[in-house]
Each structure stands twice: as C-alpha cells, then as structure tokens.
Amino acid sequence: MDARTSDLNAFLAAARSLLGEDGVNHSEETLRRYGENTLPGGDVRPAAVIYPDSTAQVQAIVRLANEHRVPLYPVSTGNNIGLGSRSASAPGQVVVDLGRRMNRILEINETLAYAVVEPGVTYQAMYDELVRRGNKLMLDVTSGPPQGGMLGNALDKGAGYGPYFDHFGFSCGMEVVLANGEILRTGDGALDSPDVSNWHTSKYSFGPILDGLFTQSNYGIVTRMGIWLLPRPPAIRSFHFAYDDDDDLAEIVDLCRPLKLSNFVPTLFRVANDLYLCGTEGESPEYRASGGKRSISAEGRRALRAKHGLGAWNVSGAFYGPSPAAMDPMIERVRAHFGQSGRARYIPHEEAQAIAPLAIAINAFSGVPGHGELGLLKWRPGGGNSWFLPGTPMIGKVANEFQQLCRGIYEEHGLDYTVMNVCSARFARGLHVLGFNREDEDERRRAEACYRKMAEEVARRGVYVGRAPVDFHEFHMAQAIAPFRDACAGIKNALDPNGILAPGRYGIHGHS
Ligand SMILES: Cc1cc2nc3c(=O)[nH]c(=O)nc-3n(C[C@H](O)[C@H](O)[C@H](O)COP(=O)(O)OP(=O)(O)OC[C@H]3O[C@@H](n4cnc5c(N)ncnc54)[C@H](O)[C@@H]3O)c2cc1C
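All values derive from a computational prediction rather than experimental measurement. (Residues numbered from 1 in each chain as written. Predicted model: local features only at pLDDT ≥ 70, side-chain atom pairs only at ≥ 80, totals over all residues. Heavy atoms only, no water.)

### Regarding the domain arrangement of the chain
Reasoning step 1: Per the domain assignment, the segments of the chain are domain 1 (5-100), domain 2 (105-231) and domain 3 (235-468).
Reasoning step 2: Look at where the C-alpha atoms of domain 2 and domain 3 centre, and you get two points 28 Å apart.
Reasoning step 3: With both chains or domains summed, domain 2 and domain 3 bury close to 1700 Å², and 64% of this area falls on carbon and sulfur atoms.
Reasoning step 4: Taken as a group, Met-138, Ser-143 and Tyr-161 account for 37% of the area that domain 2 buries against domain 3, more than any other trio of residues on that side.
Reasoning step 5: The salt bridge partner of Arg-467 is Asp-156, with a shortest N-O separation of 3.0 Å. (Domains from an automatic or database assignment. Buried area = accessible area lost by both parts, 1.4 Å probe. Salt bridge = Lys/Arg side-chain N within 4 Å of Asp/Glu carboxyl O.)

Below, the structure written as structure tokens:
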C-alpha cells in the first residue's frame, strides 16, 4: 500500500494538529536520513516521520492512518544496523519514530528485578540508570549499538550473551496499540482490573500467549514492555581459547555443547572467527590493493591474528560468582576441558581485557554497552553491512560443513568471511557479517548475490534464518510452507484489515 498524495497531505495535516508542529517532519534532510540504511538494496525513502509522545497519541495516529489509508512504519530507537536501520519495508510509508519522545523508564523494581520501558529506552540509558541506582541489577546487552533499544531489539528477536540473552524470552507483559486503535495488554495485563499485579512478572498467564504475535511482524505497535534484569554478580571472570585452523570449529562446537547442556557455563559461548574480531580494529589491509574484488588472503589473515594475539577461531565465555578466587575451580575445569586435544591456546581474563576485541566480549557478558563492535562497519570503506543469520545444530561436524559452505560462497563473491557462532546447548546462531563498499555498484551486487546464494544453499540443507534484513523479508517469507504464509496473512486480515501497519514487513500482507 502506498499513500496517495491527497490522502497523505490530509493525514499529515491532521497529525500536525494532533501532535503539534514538532510532531511531524517531512523535510528533505529528515526523509533522507530516515531512509538511509547499510544494505545492498539501497535506501528506502519514507513519506514523512512522526513523533508521538504517548500511547494515546499512537492510538490517535493509527485511527487517522485508517481513515486516510496511510501506511505507518513504527521504529523504537531505529538502530537496526545491518538489518534495515530505520528504513521502512517500502518507500512512501510514514515512519512512526516512537523513541524520540516515548523514552521513559516507567518502573524499575529492584526486589523482583525487572524494568518497564517505553520504546525509546536505550541500552545505554538503562545501564546509566542502573549504575545511578547503585549497580545492583544488570541488563543483558547486545554487542551492537548502545543507542539501540531494549524494546525494539526484543521485538526483532535480538539477543545478547548472558543468562538473559533471549531478549524476547526475558520480556514479560506488553502494551500494544492495535491497528483499530485499541489497546491490548498481554499476559496478566489482560485482566480487566485497574490494578494489575503480575503484568511484568508472570509470562504465561491465562489464555493464548499473544506476545509472540508482535515479534518480527506488523500486527501492532508496542508502547510498553516489561524486561527482566539479573542481580549484578559481585565478580565476573571470563575465559578465552584461540584455535589456529578454520576446521577447528568442529572440535570447538563439540566441546561447548556439554558445558551448555548441563548449564555449567552460564553465558553463551561467543565463537568468533579472526575477521569478526580483527575487523573491529580497522580497515582490511588488502582492500585497496585488490579494489575490493578479492577476499583477504590466508597470509593477510595470519598477519592480523599475529598482530592481535588471536586465532582463526576464538572462544569466549564467563562465570559469575562471589569473588574471582571463588571461580578458579570452574575456570580450571573449563581449561582442562578445552585443553584435551592440545589445539587450544588459553587466554586468561586479565590478558583478554587488554585485547580490544576480547574486551568487547567481556563487556557483553558484564551487561556493559559499548561501541567497539561497530568498528566492523569500517572493515571495507563505504559502510555497507548486512547480516545473514542462519544457525546450526550443536554438532561439530555439521557446524563445520556450514562453515566450509559459507566461506566458499563469500570467497566466490570476493567478500571476507566474517562470522560469530553464538553457541547455546543445542543450537548455534551464526552471525554472518557481509561487509561491503556500498558506493561500489559491483561490490553491492556481489553482496546481494552472496546473501541470496547462502540463503538458498542453507535452506536446501533444511536451515532457515532467525532474523533478516528488511530487503530480504519477502524472499524469506517465500521460503516458508504455504500454511505458515496463509496463517500470517489471515492474522493480518483479522488484526489490520486496511493493511496500515508496516505492510510487507517480514513478508506479511493480508489476503486481498
Ligand atoms: C556491529 C553490530 C553488532 C550488533 N550486535 C547485535 C547483537 O549482539 N545482538 C542483536 O540482537 N543485534 C545486534 N546488532 C543488530 C542491531 O543493531 C541491534 O539489534 C539493535 O539493537 C536493533 O535496533 P533497535 O534496538 O534500535 O530496534 P529498532 O530499530 O527500534 O526496532 C527493530 C525493528 O522492530 C520493529 N519495531 C520496533 N519498535 C517497534 C514497536 N514499538 N512496535 C512494533 N514494531 C516495532 C521495527 O520494524 C524496527 O525496524 C548488531 C549490529 C551491528 C552493526
């Protein structure tokens, strides 16, 4: 759906009288900025940007959008870098920037360890507030932009690395403005009472769990969310192992699995390759010489590893405890476990703190937001960055076959294989970074083709992605079975019959 000019003008005039002059912007500069992203498919220019400051204003905007048949695209803090940033699903949609004005921390409950936030509360803002209150609670952060938000990230099924890594899983209780302008409260919040006690503490309340409907979809605008926090442990000790060969991934995955199945290690394992870590520290040393046409050479990778004291694969995890000394036996057990084959080089916590790319991992395990990993955006000039997010079962042989497959496809397209496998007990999400020069047409095309080829090849092996850049939503929806597509479309018809909320996001449209 694209807004007709007359409908759009009437909508914007009405929105302006509702939100005030500052609440609506369609200046050239704003439209350009909100359209920008880092993906190969190009920027996506919106028709306007609006800034509500309350749930009531969101309701009013949604009703107006229905009246004038104008498509809205909600973002919270709009830092979805590598997945679309603030770009809408299609040009001509009106971006609803919730984060600008709805950025209040509504509650922090220190006894039950949860927070309630509006869409604009960033990781940095929550961290600063928790520190101000005495640092008793720890939030689970991403290793991405500190200005990203807890609510938007949870809705996109984002994740961190600590025990509360699953950001949707550790959210509890939402307030959602539906496409008809009504307010839905999920979980215990659905109780018809002015005083709801367990909205943000009881996740599985009466009836169906509706919260999941609002993740990676276009069924509503979430205006409030409860998020669980971890009591901050007195001490955190990380451990790291460097491996020299690409095919060591098989051994690593098989070693991580039992430590997660038993939950002996409370964090996820970050299993990052050389370029994922060294790529945060500067531009590829070979990019200019090859004009971006070739992947970095084996010698180039070896030199980078030597410079930073890293391996072809690097494993990081952490323990939490009352004191560093109390965790010595756990660290010793992990060292013995990874030391069995003699292939791993142990890097202790103190040494890792001085290696910038490993310090990023320590911060992530410690609930401290940081900019370090954003260095990956500068590995190649031109700022192109797209994430490909398939996964593998935690079977070393299978994980390594995926590694060989995807590495080969990167090289075929002259790109640099840059991956972190985030390992839990049974499954590892493979965070594949496609870094490319967005100013170079040929490189852009290769990045797009590389993504498609990997997505097709892994799907042929039965693997789906867990999250996708906005350019590829339709492509991935087309990979789903027809009943899944039909169910998504049917729900869209039921909840948003005029299709005014982010039409096409995650490939979801109503039946016509
Ligand atoms: C170097 C680097 C490292 C990264 N590391 C991580 C990582 O460790 N973990 C991770 O998860 N991601 C990571 N990312 C990806 C991304 O940058 C973060 O996930 C970021 O937090 C997402 O942006 P946001 O929080 O501002 O969400 P937003 O951009 O606000 O929201 C994401 C999407 O959700 C939808 N949405 C948002 N708010 C609402 C709402 N209120 N109602 C309905 N729909 C809504 C919108 O479609 C929006 O586009 C990384 C990116 C980079 C470049």
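Continuing now.
### Some details on the sheet that holds strand 1 (residues 24-25)
Reasoning step 1: Taken in spatial order, the 4 strands make up an open sheet running 1-2-4-3, and their pairing is mixed. Each edge of the open sheet is held by one strand with a lone partner, namely strand 1 and strand 3 (72-75).
Reasoning step 2: As paired strands, strand 1 and strand 2 (residues 48-50) are joined by 2 bridges and run antiparallel to one another. Bridged to Asn-25 within strand 2 is Val-49.
Reasoning step 3: Docked against the sheet, helix 2 (residues 28-35) engages strand 1, strand 2 and strand 4 (94-97), running at close to 85° with respect to strand 2. (Pairing = 2+ DSSP bridges. Helix = DSSP H or I, 4+ residues; strand = E, 2+ residues; numbered from the N terminus. Contact = heavy atoms within 4.5 Å. Axes fitted to C-alpha atoms, helices over the stretch in contact; angles between N-to-C directions.)

### Overview of the pairing of strand 10 (residues 220-228)
Reasoning step 1: Among the 9 residues in strand 10, 8 count as buried, and that is most of the element.
Reasoning step 2: Sheet topology places strand 6 (residues 114-117) next to strand 10; 4 bridges connect them, and they run antiparallel. Of the residues in strand 10, the one forming a bridge with Val-116 is Gly-226.
Reasoning step 3: Sheet topology note: the strand 8 (residues 171-178)/strand 10 ladder contains 6 bridges and is antiparallel. Residue pairing across strands places Val-177 opposite Ile-221, the latter belonging to strand 10. (Buried < 20%, exposed > 50% of the residue type's maximum accessible area, 1.4 Å probe, protein only.)

### Quick word on the sheet that holds strand 9 (residues 183-185)
Reasoning step 1: Spatial strand order, 5-6-10-8-9: 5 strands in an open sheet with antiparallel pairing. At either margin of the open sheet sits one strand with a lone partner, and together these are strand 5 (105-109) and strand 9. Across this sheet, the average inter-strand angle for adjacent strands is 15°, counted without regard to direction.
Reasoning step 2: For strand 5 and strand 6, the ladder comprises 4 bridges, and the chain directions are antiparallel.

### Describing the nonpolar core
Reasoning step 1: With 47 residues, the main nonpolar core has Cys-256, Phe-269, Val-271, Val-315, Val-334 and Phe-338 as its most contacted residues.
Reasoning step 2: When residues no more than four places from it in sequence are discounted, the contact partners of Val-315 are Phe-239, His-240, Phe-241, Tyr-243, Ile-252, Cys-256, Phe-269, Arg-270, Val-271 and Phe-338.
Reasoning step 3: The next biggest cluster of nonpolar side chains, apart from the first, holds 33 residues, and it includes Ile-296, Ala-361, Trp-387 and Val-433. (Core = buried A, V, L, I, M, F, W, Y, C linked by side-chain atoms within 4.5 Å.)

### Quick word on the packing of aromatic side chains
Reasoning step 1: Per the stated rule, a full pass over the model turns up 15 aromatic pairs.
Reasoning step 2: Relative to Trp-387, the ring of Tyr-276 lies with its centre 6.5 Å away and its plane at 65°, an arrangement referred to as edge-to-face. Residue Tyr-276 is located in helix 7 (residues 274-278), and its partner Trp-387 is located in strand 16 (residues 384-388); the two are separated by 111 residues in the primary sequence. For the pair Tyr-276 and Trp-387, a shared accessibility class is recorded, and that class is buried. (Phe/Tyr/Trp six-rings, centres within 6.5 Å; stacked < 30°, edge-to-face > 60°.)

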